[in-house]
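Here is what each chain is made of, one letter per residue.
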Amino acid sequence: MGRAKDNGEKPQQVDLAGWKPAPQAAAAFEIAWIFLIFFLFAGSLPPDVGESHYLVKAKHYWQPGWCAGDLFVESRDAHLVFNWTFGWMTRVCSLATTAWIGRMITWLLLAWSWRRLSWAIVPRPLVSLLSAGLMLLFLKHFHLAGEWVIGGVEAKGFAYVLVFLALEAIARNRWQRALAFSGAAGAFHVLVGGWTVVAIGLAWLFSGRERPTLQAIAPAAALGLLLSLPGLVPALALNWAVPKEVTQEAARIYAFERLSHHLIYSQFDASNVFRFQILVLGWAAAAWMMRRDLFTTRLQRVVAGAIVIAVVGIIIDQALVVRANLTEQSPLDYETTAAGLLRYYWFRMSDSLVPVGLSLAIVAGVIKLETKRPEAAALLKVALILLAAGNLAEAYYSRKLQPVPRAVLQPQPTADSEERPWWRAPPKLATSETSIQDWFRDWQRVCQWVAAETPADALFLTPQEQQTFKWYAGRPEVVTWKDVPQDARGLLEWKKRLDEVYPRDPEHRQHDLAAFDDAALVNLAQKYGAKYVLIDRTRADRPIRLLKMYPLLVDENPSFAVYRVPEAAR
């Protein structure tokens with residue numbers, strides 16, 4: 001093509017004084033910064049506490065020969081949608097790479113959906129960054145039952161993306177979309193999606209004349225139910241045709257012996273209860289002050305619904321405690337009755353939605369204050385930015401003090417492995433004690449040796465204070481505390497093995513597997529078909545007189561040793 005004809009006119013100069021970026025560019029800019037905030041907050045080394053649980057299950061789902069014989073990975077699957085949409089990646093990537101890719105995807109989707117929600121409440125540039133930072137502050141320091149939204153990659157991370165979209169739809173008075181998004185969230189995580197639907201239903205009751213008719217939202221509710229079926233059906237199928245007494249005992253173990261810190265209000269830490277009460281009071285005050293803002297009020301009705309769900313859980317818990325005391329009910333009968341009602345995570349959505357509601361109410365209130373008292377609003381903005389930034393700095397710096405994956409820290413294998421804020425000095429270790437960083441280094445070494453030098457189907461007895469053996473070694477283990485099956489029969493077998501391999505008496509707790517004498521250790525291994533025993537030598541105070549396979553020299557690995565289990569007598 002020829003050049004355009006020159007008509008002799010001078011090119012016009014562009015005045016950039018009033019230039020504004022295109023809406024798409026501005027949105028991408030905010031999403032990128034929210035993503036960075038999430039990374040600074042939760043970017044620890046993999047595996048995170050849930051990743052060592054979720055991703056090994058997903059890897060086995062796609063590669064059934066991997067860790068074959070492990071009780072947990074061969075138990076029934078409850079998160080098929082997660083496995084199908086994301087778990088396949090474990091076939092082509094390492095677990096650590098899969099974790100990072102999953103985090104990037106999840107955090108990016110959460111950043112995108114959070115910006116949409118924040119803009120539905122306060123349509124102002126960059127406000128979504130502040131609201132995201134405040135949400136993380138409240139989530140970390142004011143939770144009641146340990147729920148989180150921004151963290152490692154697992155099913156509920158994807159579910160919360162859809163929850164944020166549902167909340168945005170509610171704020172914009174689009175109930176049909178909200179119900180559809182909530183149902184889709186249930187496909188990834190049935191409890192997150194299900195409780196969100198209940199909270200939206202309660203918000204509908206609170207909405208008075210503004211609420212749509214049942215006839216108007218019934219098709220969307222049916223669509224939401226249809227979308228939730230891929231998550232709902234596998235969850236219901238876990239215990240089909242299982243006797244009632246089996247499911248009751250499994251629920252009791254699950255609620256009272258494994259997850260009481262998430263489920264049983266009467267056993268929650270008192271400081272958590274106090275902080276959460278402060279959070280709810282702050283939310284109530286902020287929601288009341290913003291009651292004339294229609295978009296904020298619609299959102300806060302859903303938050304109020306989540307609080308009502310938590311209050312119902314508290315009432316059930318306390319009523320059962322009072323009844324047990326008045327009737328002198330046995331502890332076992334009380335736990336069996338209570339577990340059947342309290343195992344459904346009544347406090348999950350209040351833990352997540354109250355921080356969401358409060359953070360958005362605060363930023364909406366500050367923006368509203370600008371029109372009346374701009375100086376006060378500016379000072380308040382600075383204070384809020386400092387609080388949110390300080391929370392990010394604290395999270396990031398605390399990780400730098402302990403550069404070890406959270407899944408390694410969670411079982412607290414050493415005296416200095418407890419996660420701590422930056423201002424708390426680490427405990428002083430005795431000369432004979434091992435630091436968490438040395439323990440972790442030796443743990444990786446022994447797992448690398450296991451992965452390279454043992455058969456792929458070799459079953460192991462492993463130390464109690466760990467939950468990453470399958471992650472690093474790729475070998476099945478008899479039982480581990482973190483990896484609890486979701487089906488009733490699998491859970492009862494898990495409990496039986498746990499009691500046999502890790503008895504609760506102080507001697508076994510202190511000395512781990514070395515508390516058994518050699519004959520008992522061999523019998524235990526042979527009972528479950530374990531070919532090797534992995535000993536944590538930082539806890540063992542006696543020599544193990546079995547065939548040592550690793551290390552051949554003590555200096556190769558001072559913290560761990562692998563022993564071959566002799567074959568059963570012919």
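Let me begin by describing the structure that accompanies this report. (Residues numbered from 1 in each chain as written. Predicted model: local features only at pLDDT ≥ 70, side-chain atom pairs only at ≥ 80, totals over all residues. Heavy atoms only, no water.)

1. Comments concerning the packing of helix α1 (residues 23-42) against helix α4 (residues 95-121)
To be explicit about the condition: Axis definition: a line fit to C-alpha positions, over the contact stretch in the case of helices; interaxial angles, taken between N-to-C directions, run 0 to 180 degrees. In this description a helix means any DSSP run of H or I spanning at least four residues, a strand means any run of E spanning at least two, and both kinds are numbered starting from the N terminus. The labels follow the angle: roughly parallel below 35 degrees, roughly antiparallel above 145, roughly perpendicular from 65 to 115, and oblique for the rest. The handedness criterion is simple: a crossing whose near helix is rotated anticlockwise from the far helix by less than a right angle is left-handed, and one whose near helix is rotated clockwise is right-handed. Working rule for contacts: check all heavy atoms of both residues, and any pair within 4.5 Å makes them a contact. Residues were grouped as follows: Ala, Val, Leu, Ile, Met, Phe, Trp, Tyr, Cys and Pro as nonpolar; Asp, Glu, Lys and Arg as charged; and all remaining residues, including Gly, as polar.
Where α1 contacts α4, the axes come no closer than 8 Å and their chain directions differ by 125°. What the angle tells us is that α1 and α4 run oblique. Every pair of crossing elements has a handedness; the one defined by α1 and α4 is right-handed. Residues A27, E30, I31, I34, F35, F38, F39 and A42 of α1 form the contact with α4, whose own contacting residues are W100, R103, M104, W107, L108, L110, A111, W112, W114, R115 and W119. Among the residues making up the contact of α1 with α4, the classes are represented as 16 nonpolar, no polar and 3 charged.

2. Thoughts on the pattern of salt bridges
When the charged atoms of two side chains with opposite charge come close together, those side chains can pair. Defined as follows: Should a side-chain nitrogen of Lys or Arg be within 4 Å of a carboxyl oxygen of Asp or Glu, the pair is scored as a salt bridge. Burial classes: relative accessible area under 20% of the type maximum marks a residue as buried, over 50% as exposed, and values in between as partly exposed (1.4 Å probe, protein chains only).
Evaluated as defined, the whole model comprises 31 salt bridges. In this structure, D77 engages K57 in a salt bridge whose closest nitrogen and oxygen atoms are separated by 2.8 Å. Of this pair, D77 sits in the loop between α2 (51-62) and α3 (80-85) while K57 sits in helix α2; the two residues are 20 residues apart in sequence, bridging distant segments of the chain. The class of D77 is partly exposed, set by a relative accessible area of 23%. The class for K57 is buried, based on a relative accessible area of 10%. Note that D499 is salt-bridged to K495, the shortest N-O span being 2.5 Å. One end of the pair, D499, and the other, K495, are both in helix α20 (residues 488-501), 4 residues apart, so they sit about a helical turn from each other. Residue classification places D499 among the partly exposed residues on the basis of a relative accessible area of 34%. Several salt bridges share partner residues, and in doing so they unite E249, R252, E257, E335, K495, D499 and R504 into one network.

3. A few points about a nonpolar patch on the surface
Put simply, the rule is: A residue counts toward a patch only above 30% relative accessible area and without a salt bridge, and it is joined to like-charged neighbours within 9 Å or, for Val, Leu, Ile, Met, Phe, Trp and Tyr, to nonpolar neighbours within 5 Å. Calculation of accessible area relied on Shrake-Rupley with a 1.4 Å probe; when residues are assessed, cover is drawn exclusively from the protein chains displayed.
Together, L223, L225, L226, L227, L229, V233, L236 and W240 give the surface a local cluster of nonpolar side chains, amounting to about 750 Å² of exposed area. Mapped onto the elements, L227 comes out in helix α9 (residues 214-237). We classify L227 as partly exposed; its relative accessible area is 34%.

4. Let's talk about the side chain of S52
Mapped onto the elements of the fold, S52 is located in helix α2. Setting aside residues up to four positions removed in sequence, S52 forms contacts with P47, A407, Q467, T468, W471 and D483.

5. Here we look at the packing of aromatic side chains
Filter applied, for reference: When two rings of Phe, Tyr or Trp (its six-membered ring) have centres within 6.5 Å they constitute a pair, described as stacked for plane angles under 30 degrees, edge-to-face for angles over 60, and tilted for the intermediate range.
Here the structure, examined in full by the defined rule, presents 28 aromatic pairs. With a centroid separation of 6.0 Å and 35° between ring planes, the pair formed by Y265 and F347 is classed as tilted. Pair noted here: Y265 is in the loop between α11 (260-263) and α12 (270-289) and F347 is in the loop between α14 (331-342) and α15 (348-369), with a separation of 82 residues, a long-range link. Judged by relative accessible area, which is 16%, Y265 ranks as buried. On the basis of relative accessibility, which here comes to 0%, the residue F347 falls in the buried class. For the pair W439 and F560, a centre-to-centre distance of 5.2 Å together with 75° between the ring planes defines the contact as edge-to-face. Of the two residues, W439 sits in helix α18 (residues 436-453) while F560 sits in strand β4 (residues 560-564), which places them 121 residues apart along the sequence. Given the relative accessible area of 1%, W439 is considered buried.

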